[in-house]
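# Residue-level structural notes
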Amino acid sequence: MKWRTKQCLWAARVLGLLALSLAAHGDTQAGRAARITSIRELSAGSSRRIVITLDGNAEIKQACLARPDRVYFDFRHTRIARPLRMNKRAAKLRTTHRLRLGHPVPDTVRAVLSVRGVAHVVAYKTGIPARLIVELSPGGRHESLCRNGAHENLVKLVDAPVVVIDPGHGGPDKGVVGAAGSSEAEVALAVGKRLAALLRDSGEADVVLTRSDDRYLSLRQRTAIAKQAKADLFVSLHAEAGPDPETCGPRTYYLALTTSKPVLRMASRENAGYDHTVYELPELIDAIMRDRYAEESRKLEASLADALSSQSQNSGQDPKEAAQAPLALLMGLDSPGVFVSLGCLNSPEEARRLRSSAHERKLAEALYAGISDFLREKRRTELQQAGR
């Protein structure tokens, strides 16, 4: 009898330990589940972007369904955080049933997005932080993205592109000094910081500022920062003293030769720190002729020019004028690079605008839209070439 009692007690203890072990294992498994913590919808140039942020990595599958057109994303071993943070646009998407979240199976979250009137959907995920980014390009009202259906496929993990924002001048080098004491260095830094914040907030890119305060950097140091960061694109921000302040405004340039005398004067001033003039610099001419990123730089310049002209009262750039300049700063980059003049400080009216927070914000938003459009087209091309 005592033996049976001891046996029962031993069995109870074993079962109890087993139950505790299973419970602990279940807690560990639950602890491994990623959580969807926030959903945001953002405007990104001519497209819309849905950014779904997680607190851990998850396998994500996507598929396209017709009648009505919708794309769904299945997040495996994932749950929804409570509370789920959403910006106003994303919350509106949910109230109109254009974005729905559910659990087709217990350990999977499904996000279903209506895509009627959408021409292209590009989806990719980033690792740090863990995000699913869905880019939607507009199409015709009756265009059917999912008319042929699609088999389920994994969303690819990609490295976020590195965007280097270079606020020109700084420290003792104020650049152009305009009305009311406004300087090129101050304007470039203010807009550069706003642009960096927009790009970081979108989750679209890793951002490096060559300077975040009032310090001097040589042209070679700026290029070296871009190389060290392994930049995917480089945008340098400046202002100028235009030959005609009445018709000034934002202008954009990529590395190329030109015969335009006003552009050559501007380039000569900007190249002053390079110890050569644009008229006698064989190294620069050779770099221009061998620039393997010339075509991508031209596309980036065009994208930024379009975005700036659409928000500006006066774009400042004649469509017939070649947006080319022999700028030493853009030499030797391992990425597409563009030089942006934000406006003319020798125009009292424009100098006042460039000092206003509202105008700084508009310029940053336009530059963000242009960069976003460029990156979206670049990603779509790369994914298509990869067989997506």
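Here the structure is a predicted model, which is why all the values come from computation and not from measurement.

### Thoughts on the overall build of the protein
Across its full length, the protein carries nine helices and 16 strands. Every one of the 388 residues in the protein was classed for burial, and the buried ones make up 48%. Of the contacts formed within the protein by residues at least 6 apart in sequence, a portion of 75% connects residues at least 24 apart. With an accessible surface of roughly 19,900 Å², the protein has 53% of that area assigned to carbon and sulfur atoms.

### Brief notes about the sheet that holds strand β15 (residues 324-325)
What the six strands build is an open sheet, ordered β12-β11-β13-β16-β14-β15; its pairing is mixed. Every interior strand has two partners, whereas the edge strands, β12 (206-209) and β15, have only one. Bridging between strand β14 (residues 251-255) and β15 involves two bridges; their strand directions are parallel. From the neighbouring strand, Y254 faces β15, where its bridge partner is Q324. Contacting β13 (233-240), β14, β15 and β16 (337-344), helix α5 (residues 261-270) runs over the sheet at an angle of about 105 degrees to β13. Against the sheet, helix α7 (residues 294-311) contacts β13, β14 and β16, and its axis sits at roughly 180 degrees relative to β14.

### Observations concerning the sheet that holds strand β6 (residues 99-105)
Here we have five strands laid out as an open sheet, ordered β6-β7-β4-β3-β10, and antiparallel in their pairing. The outermost strands of the open sheet, each flanked by one partner alone, are β6 and β10 (153-154).

### So, helix α3 (residues 184-202)
When the terminal C-alpha atoms of α3 are compared, their 27 Å separation across 19 residues agrees well with the 27 Å that a helix rising 1.5 Å per residue should span. Those residues of α3 not exposed but buried are E184, A185, V187, A188, L189, V191, G192, L195, A196, L199 and S202. Two residues or fewer after α3 comes G203, characterised by a positive phi angle close to 75 degrees.

### Quick look at the packing of aromatic side chains
Tallied over the entire structure, the rule returns one aromatic pair. In this structure, R110 packs its charged tip against the face of Y72, placed 3.9 Å from the ring centre.

### Digging into the nonpolar core
By size, the foremost hydrophobic cluster in this structure holds 33 residues, and its most contacted members are I165, L237, V340, L342, L367 and I371. Within the residue set of this core, elements represented by two or more residues are β11 (162-167), α3, β12, β13, α7, β16, α8 (348-354) and α9 (357-385). Ranked by residues supplied to this core, first place goes to α9 with eight residues. Filtering out sequence-adjacent residues up to four positions away, L237 remains in contact with I165, D166, P167, G168, A188, V191, G192, V340, L342 and L367. I36, I60, F73 and L101 belong to the second largest nonpolar core, which has 30 residues in total.

### Focus: the pattern of salt bridges
Overall, the coordinates contain 21 salt bridges when judged by the stated rule. Here R49 ties to E204 by a salt bridge, and the two come within 2.8 Å at their closest N and O atoms. Taken as a pair, R49 in strand β2 (residues 47-54) and E204 in the loop between α3 and β12 lie far apart in primary sequence, 155 residues in all. Residue class for R49 comes out buried when judged on its relative accessible area of 0%. Residue R379 is joined to E135 by a salt bridge in which the shortest nitrogen-to-oxygen separation is 2.3 Å.

### Examining α7
The end-to-end C-alpha distance of α7, which contains 18 residues, comes to 26 Å, matching closely the 26 Å that a straight helix rising 1.5 Å per residue would cover. Turning to α7, its buried residues number three or more, namely S297, L300, E301, S303, L304, A305, A307 and L308.

### Observations regarding the environment of V177
Looking at the secondary structure, you find V177 in the loop between β11 and α3. Judged by its relative accessible area of 54%, V177 falls in the exposed class. In sequence terms V177 and E240 are 63 residues apart; their C-alpha atoms lie 8.9 Å from each other. In this structure, V177 is in contact with S182 and S183, ignoring residues within four places of it in sequence.

### Quick notes on the side chain of T53
With respect to the secondary-structure elements, T53 resides in strand β2. In this structure T53 touches R35, I36, T37, S38, A130 and R131, once residues within four positions along its chain are discounted.

### Some details on unusual backbone geometry
Between R67 and P68 the backbone carries a cis peptide bond, its omega angle lying at -5 degrees. You can see P68 is positioned in the loop between β3 (60-65) and β4 (70-76). With an omega of 0 degrees, the peptide bond running from R82 to P83 counts as cis. Inspection of the secondary structure assignment puts P83 in strand β5 (residues 78-86).

### Let's talk about the confidence of the model for the protein
Taken residue by residue, the protein gives an average pLDDT of 82. The fraction at 70 or more is 79%. Taken element by element, the protein is modelled with least confidence in helix α1 (residues 2-32), mean pLDDT 42, and with most confidence in β11, mean pLDDT 97. In the model, residues 1-6 has pLDDT below 50 throughout and makes zero contacts with residues more than four positions away in sequence or in other chains. Every residue in residues 8-30 scores below 50 in pLDDT, and together they form one contact with partners more than four places removed in sequence or on other chains.

### Details of the side chain of R131
You can see R131 is positioned in strand β9 (residues 131-138). The buried charged residue R131 lacks any salt bridge, with D201 as its nearest oppositely charged partner at 6.3 Å. Dropping the residues within four chain positions of it, R131 is found in contact with R40, V51, I52, T53, L54, Y124, K125, T126, R200 and G203.

Here is what the cut-offs are and how they apply
- Residues numbered from 1 in each chain as written.
- Predicted model: local features only at pLDDT ≥ 70, side-chain atom pairs only at ≥ 80, totals over all residues.
- Heavy atoms only, no water.
- Helix = DSSP H or I, 4+ residues; strand = E, 2+ residues; numbered from the N terminus.
- Buried < 20%, exposed > 50% of the residue type's maximum accessible area, 1.4 Å probe, protein only.
- Contact = heavy atoms within 4.5 Å.
- Areas by Shrake-Rupley, 256 points an atom, 1.4 Å probe, with all protein chains shown as cover.
- Pairing = 2+ DSSP bridges.
- Axes fitted to C-alpha atoms, helices over the stretch in contact; angles between N-to-C directions.
- Expected span 1.5 Å × (residues − 1).
- Phe/Tyr/Trp six-rings, centres within 6.5 Å; stacked < 30°, edge-to-face > 60°.
- Lys NZ or Arg CZ within 6 Å of the ring centre and 35° of its normal.
- Core = buried A, V, L, I, M, F, W, Y, C linked by side-chain atoms within 4.5 Å.
- Salt bridge = Lys/Arg side-chain N within 4 Å of Asp/Glu carboxyl O.
- pLDDT = per-residue confidence, 0-100.
- Lys, Arg positive; Asp, Glu negative; His and termini not counted.

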